There are 2 protein chains.
Amino acid sequence: MTITDVARHAKVSRQTVSNVINAPELVREGTRRRVLESIEALGYRASQAARQMRTGRSRLIATRIEPAEDGINGTIHDRFLHGLTESAAGFGYRVLLYTAHDDQSEIAAVDDLLAAYEPDAFVLTGTHHGDVRTAWLAERRLPFVTFGRPWSMPEGPSHPWVDVDGAAGTAAATRHLLDTGHRRIGFIGWPTGSGVGDDRRAGWARTLAAAGVDPAGLDRTTDDGVATGEKAAGDLLDADRPATALLCASDSLALGASHAALSRGGGWRADGGGGTPIAVIGFDDTSVARATGLTSVSQPLSEAAACCVALLARILDGDEASAGEDGSATTRVLLQPSLVRRQSA
Amino acid sequence: MTITDVARHAKVSRQTVSNVINAPELVREGTRRRVLESIEALGYRASQAARQMRTGRSRLIATRIEPAEDGINGTIHDRFLHGLTESAAGFGYRVLLYTAHDDQSEIAAVDDLLAAYEPDAFVLTGTHHGDVRTAWLAERRLPFVTFGRPWSMPEGPSHPWVDVDGAAGTAAATRHLLDTGHRRIGFIGWPTGSGVGDDRRAGWARTLAAAGVDPAGLDRTTDDGVATGEKAAGDLLDADRPATALLCASDSLALGASHAALSRGGGWRADGGGGTPIAVIGFDDTSVARATGLTSVSQPLSEAAACCVALLARILDGDEASAGEDGSATTRVLLQPSLVRRQSA
DNA sequence: TTGAAAGCGCTAACAT
DNA sequence: ATGTTAGCGCTTTCAA
């Protein structure tokens with residue numbers, strides 16, 4: 001089933017069929033309809049390989065699939081990937097997967113892919129300080145978008161990115177806790193330097209400051225995990241001036257925190273028990289949060305994925321009309337997360 | 001960077017370079033080394049598109065990415081996908097994604113993909129009774145493997161598949177509970193007819209039978225979910241002859257069950273409280289199980305993915321030598337799950 | 001063992 | 001508005 005078959009069926013030349021597909025305005029109405037009917041009748045679809053040879057475009061977007069590392073937080077990558085695949089299809093692109101375990105091996109994987117499959121663009125996730133991947137891609141003038149801000153851009157021209165405003169998320173969560181009457185709102189986050197983590201902490205800190213609450217002794221730093229979260233929460237709850245609410249940088253930490261609250265008789269699951277229950281809020285709205293009734297900050301992942309694809313489509317399919325003055329005006333998207341309220345806060 | 005550049009660099013004809021890559025035994029040692037050096041030096045890799053035009057092989061494996069539906073159990077698909085991508089790369093294949101929301105739309109997606117990208121094979125997940133996808137693919141003689149048994153094959157020739165022996169998993173879990181002294185071991189599973197669910201229930205039932213334990217009043221059927229699991233577990237725990245252990249068809253159900261146990265003071269998290277704690281075991285060893293200390297039956301997902309790829313590679317790269325008498329001897333793989341013991345049982 | 005010729009299906013440039 | 005020509009990079013004959 002080739003373009004020649006269609007041409008024969010529609011009694012036109014091969015080229016006319018090609019024109020109907022790629023430059024319909026060049027073909028007379030009647031001819032076009034006849035060709036389209038033939039295409040329909042024969043169920044023809046252009047071979048991507050042949051097309052790629054000619055045009056140099058593969059209509060493939062490559063992205064890395066992560067090992068679902070930590071388990072709880074890994075699930076968000078899954079949702080992002082699904083959104084990406086769906087949105088890409090809408091623009092006539094397909095998603096090609098590769099694996100890697102660090103920046104360097106990802107560069108190697110990208111290089112490999114490039115030579116063989118020539119993906120038109122890349123979507124990078126998990127940007128971090130000192131990310132060498134973006135520079136590598138930028139140097140080679142390869143089209144790409146990151147899901148995640150460039151956390152350490154030494155000035156210079158940036159690249160297109162989509163991200164979720166984590167600080168706004170924790171700020172909203174903190175505000176909610178303040179509104180519920182809490183003053184001693186603890187924060188359990190990751191060690192300084194992680195970009196994402198610092199951002200989330202910042203939203204909490206600035207909201208507390210704006211409300212005139214002293215954050216002294218309310219900030220805890222720990223690696224991600226349920227056990228570490230439980231320990232840090234224990235710290236905050238057993239302090240001289242104990243926290244009454246715990247905001248966490250991840251659902252893993254929050255799950256641990258709610259265990260700590262529970263074992264001290266102040267958890268939201270400990271029905272009754274006297275006094276206001278200890279509030280706990282997580283981040284990412286993972287399956288665990290949904291399943292356990294944990295209030296959590298939710299990232300609009302499908303939307304983020306859709307933005308990534310839209311950005312790429314604009315770059316690749318060169319919609320000149322929408323390019324800003326400097327061409328970079330709308331290549332940065334910061335999406336707002338939302339607080340999903342459940343039983344825990 | 002084409003094969004011509006390499007030929008020039010190595011001072012041989014284009015064809016010889018191609019032979020070095022595709023039929024090394026035809027090329028004299030010295031020439032081959034020289035060509036390989038040129039390939040290395042230039043960083044050449046064959047264009048997949050051009051190769052595909054000639055050979056009709058895309059070295060692409062297509063699979064569906066699911067919407068991470070239920071949340072908790074969806075994460076296993078993620079892990080499978082990662083394994084698939086990694087294993088495929090080992091055989092020189094890449095994984096191409098598509099989405100669909102039911103059998104019919106999946107067939108449409110596959111059909112679409114086929115015409116444009118010509119993937120060499122498909123990996124189908126989530127087989128079920130009355131699955132129309134496999135028949136569709138088989139009719140067209142398209143290479144594919146399913147992760148999941150054909151649950152309703154009306155005799156006839158089957159297709160290659162890889163699955164995990166769910167019954168063996170629940171059997172092992174039941175045996176473990178029996179060994180720990182439990183006799184009243186309840187099972188909370190999905191409504192009859194789901195293949196996977198029936199299988200898991202069967203392992204429990206036959207192990208109880210083998211131990212001479214009467215299963216009367218110990219079997220509960222409910223849709224998947226945390227809330228439904230909690231309710232069913234409540235039923236079993238509040239019965240005249242209450243269950244002392246709860247085996248569940250999923251981690252979602254198990255999570256609900258452990259909540260029920262907890263609220264009745266018999267949960268494994270209720271330290272002390274007198275008497276043996278109520279044991280709970282889940283299925284799939286998801287992040288939730290890991291995070292909450294839930295004992296769960298673990299599926300070897302990377303291995304399953306590796307088997308899928310290996311099966312496909314054998315079919316596609318036609319390793320005649322390893323083909324059995326009837327060619328189907330080793331196209332069905334049933335992997336054994338393992339019980340991951342944690343605090344809950 | 002190596003090289004030359006042909007052609008996979010498509011589209012960009014040019015000719016009609 | 002439609003048709004003709006050429007060639008993308010590769011591999012499969014076939015010839016040397």
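Residues numbered from 1 in each chain as written. Chains lettered and ligands numbered in written order. Predicted model: local features only at pLDDT ≥ 70, side-chain atom pairs only at ≥ 80, totals over all residues. Heavy atoms only, no water.

A.B. asks: Just give me the short version of the UniProt feature "domain: HTH lacI-type" (unreviewed entry) in chain A, but keep the residues and values in it.
C.D. replies: When the UniProt feature table is mapped to this numbering, "domain: HTH lacI-type" (unreviewed entry) covers residues 1–55 of chain A. Taken end to end, residues 1–55 of chain A has its terminal C-alpha atoms 20 Å apart, with 71% of it in helix and 0% in strand. (UniProt positions renumbered as here; feature names shortened; annotations may be inferred. Helix = DSSP H or I, 4+ residues; strand = E, 2+ residues; numbered from the N terminus.)

A.B. asks: If you had to explain the sheet that holds strand β8 (residues 245–248) of chain B to someone new, which residues and values would you point to?
C.D. replies: Residue and element names in this part refer to chain B. Strand order in the open sheet formed by 6 strands is β7-β6-β8-β9-β10-β12, and the pairing between neighbours is mixed. Each end of this open sheet is capped by a strand with a single partner; those strands are β7 (219–221) and β12 (338–340). Averaged over neighbouring strand pairs, the angle between their axes works out to 20° when direction is ignored. Looking at chain direction, strand β10 (residues 295–298) and β12 are connected through 3 bridges and run antiparallel. Looking at β12, one finds that Ser 296 is bridged to Val 340. Lying on the sheet, helix α10 (residues 226–238) is in contact with β6 (185–189), β7 and β8; it crosses β6 at an angle near 155°. Across the face of the sheet, helix α11 (residues 251–263) comes into contact with β6, β8, β9 (279–283) and β10 while running at roughly 160° to β9. (Pairing = 2+ DSSP bridges. Axes fitted to C-alpha atoms, helices over the stretch in contact; angles between N-to-C directions. Contact = heavy atoms within 4.5 Å.)

A.B. asks: I'd like a rundown of the domain arrangement of chain A, residues and numbers included.
C.D. replies: By domain assignment, chain A separates into domain 1 (3–46), domain 2 (60–164 + 301–336) and domain 3 (166–298). For domain 1 of chain A and domain 3 of chain A, the distance between their C-alpha centres works out to 62 Å. (Domains from an automatic or database assignment.)

A.B. asks: Requested: an account of the protein's contact with DNA strand C, with residues and values cited.
C.D. replies: Taken together, 25 residues lie near DNA strand C, and Ile 3, Arg 14 and Tyr 44 of chain A together with Thr 31 and Arg 54 of chain B sit nearest. Expressed as a percentage, the sugar and phosphate content of the atoms of DNA strand C within 4 Å of the protein is 59%. The contact in question runs from a base nitrogen of DNA strand C to an N or O atom on the side chain of Arg 14 of chain A, over 2.5 Å. Within the contact set of DNA strand C, a phosphate oxygen lies 2.9 Å away from a backbone nitrogen or oxygen of Arg 28 of chain B. Put simply, the parts of the chain that give the surface near DNA strand C at least two residues each are α2 (14–22) and α4 (48–55) of chain A together with α2 (14–22) and α4 (48–55) of chain B. With 5 residues, α4 of chain A is the single largest residue contributor to the surface near DNA strand C. A class-by-class count of the residues in the surface near DNA strand C yields 9 nonpolar, 10 polar and 6 charged. (Near = heavy atom within 4 Å. Polar contact = N/O pair within 3.5 Å; in protein donor to acceptor, adjacent residues only side chain to side chain. Nonpolar A, V, L, I, M, F, W, Y, C, P; charged D, E, K, R; others polar.)

A.B. asks: Pulling in residues and values, what's your account of the interface of chain B and chain A?
C.D. replies: Each side of the interface is counted separately: chain B has 50 residues, and chain A has 50 residues. In terms of surface lost to chain A, no three residues of chain B exceed Arg 45, Arg 94 and Tyr 117 of chain B, which account for 16% of the buried area on that side. At the junction of chain B and chain A, the tally comes to 8 residue pairs in polar contact (both at pLDDT 80 or more). Those elements that place two or more of their residues in the side of chain B that touches chain A are α4, α5 (75–90), β2 (94–98), α6 (103–116), α10, α11 and α12 (287–292) of chain B. When residues in the side of chain B that touches chain A are grouped by element, the largest group, 7 residues, is from α5 of chain B. Grouping the constituent residues of the side of chain B that touches chain A by class yields 23 nonpolar, 14 polar and 13 charged. Note that strand β2 (residues 94–98) of chain A and β2 of chain B share 3 bridges and pair antiparallel. Bridging from a neighbouring strand, Leu 96 of chain A pairs with Leu 96 of chain B of β2 of chain B. (Buried area = accessible area lost by both parts, 1.4 Å probe.)

A.B. asks: Before we move on, could you go through the pattern of salt bridges and cite the residues and values that matter?
C.D. replies: All names here are of chain A. Under the counting rule described, the total for this entry stands at 44 salt bridges over all chains. Note that Arg 32 and Glu 29 form a salt bridge whose closest N and O atoms lie 3.2 Å from each other. Of this pair, Arg 32 and Glu 29 both sit in helix α3 (residues 29–42), separated by 3 residues, roughly a single helical turn. Among the charged side chains, a network of salt bridges with common partners joins Arg 64, Asp 103, Glu 106, Asp 131 and Arg 133. (Salt bridge = Lys/Arg side-chain N within 4 Å of Asp/Glu carboxyl O.)

A.B. asks: Report on the relation of the copies chain B and chain A, specifying residues and quantitative values.
C.D. replies: The pair of chain copies shares a relation made of a rotation about an axis and a shift along it. With an RMSD of 0.1 Å, the operation that places chain B on chain A is a rotation of 180° combined with a shift of 0.1 Å along the axis. Considering both components of the superposition, the chain copies are consistent with a two-fold axis. (Least-squares fit on C-alpha atoms with pLDDT ≥ 70 in both.)

A.B. asks: Account for the protein's contact with DNA strand D, naming residues and giving values.
C.D. replies: Among the 25 residues in the neighbourhood of DNA strand D, the closest are listed as Thr 31 and Arg 54 of chain A together with Ile 3, Arg 14 and Tyr 44 of chain B. In DNA strand D, the atoms that sit within 4 Å of the protein are 57% sugar and phosphate, with bases accounting for the remainder. The contact in question runs from a phosphate oxygen of DNA strand D to an N or O atom on the side chain of Thr 16 of chain A, over 2.9 Å. Interatomic distance of 2.7 Å between a side-chain N/O atom of Arg 28 of chain A and a phosphate oxygen of DNA strand D. Mapped by element, the contributors of at least two residues to the surface near DNA strand D are α2 and α4 of chain A together with α2 and α4 of chain B. Among the elements that take part in the surface near DNA strand D, α4 of chain B stands out by supplying 5 residues, more than any other. Classifying every residue of the surface near DNA strand D gives 9 nonpolar, 10 polar and 6 charged.

A.B. asks: I'd like to hear about the side chain of Gln 299 of chain A, residue by residue, with values.
C.D. replies: Residues and elements named next belong to chain A. When you line up the elements, Gln 299 lands in the loop between β10 (295–298) and α13 (301–316). There is a polar contact of 2.7 Å between the side chain of Gln 299 and the side chain of Asp 284. If sequence neighbours within four positions are ignored, Gln 299 has contacts with Ile 76, Phe 147, Val 164, Arg 200, Phe 283 and Asp 284.

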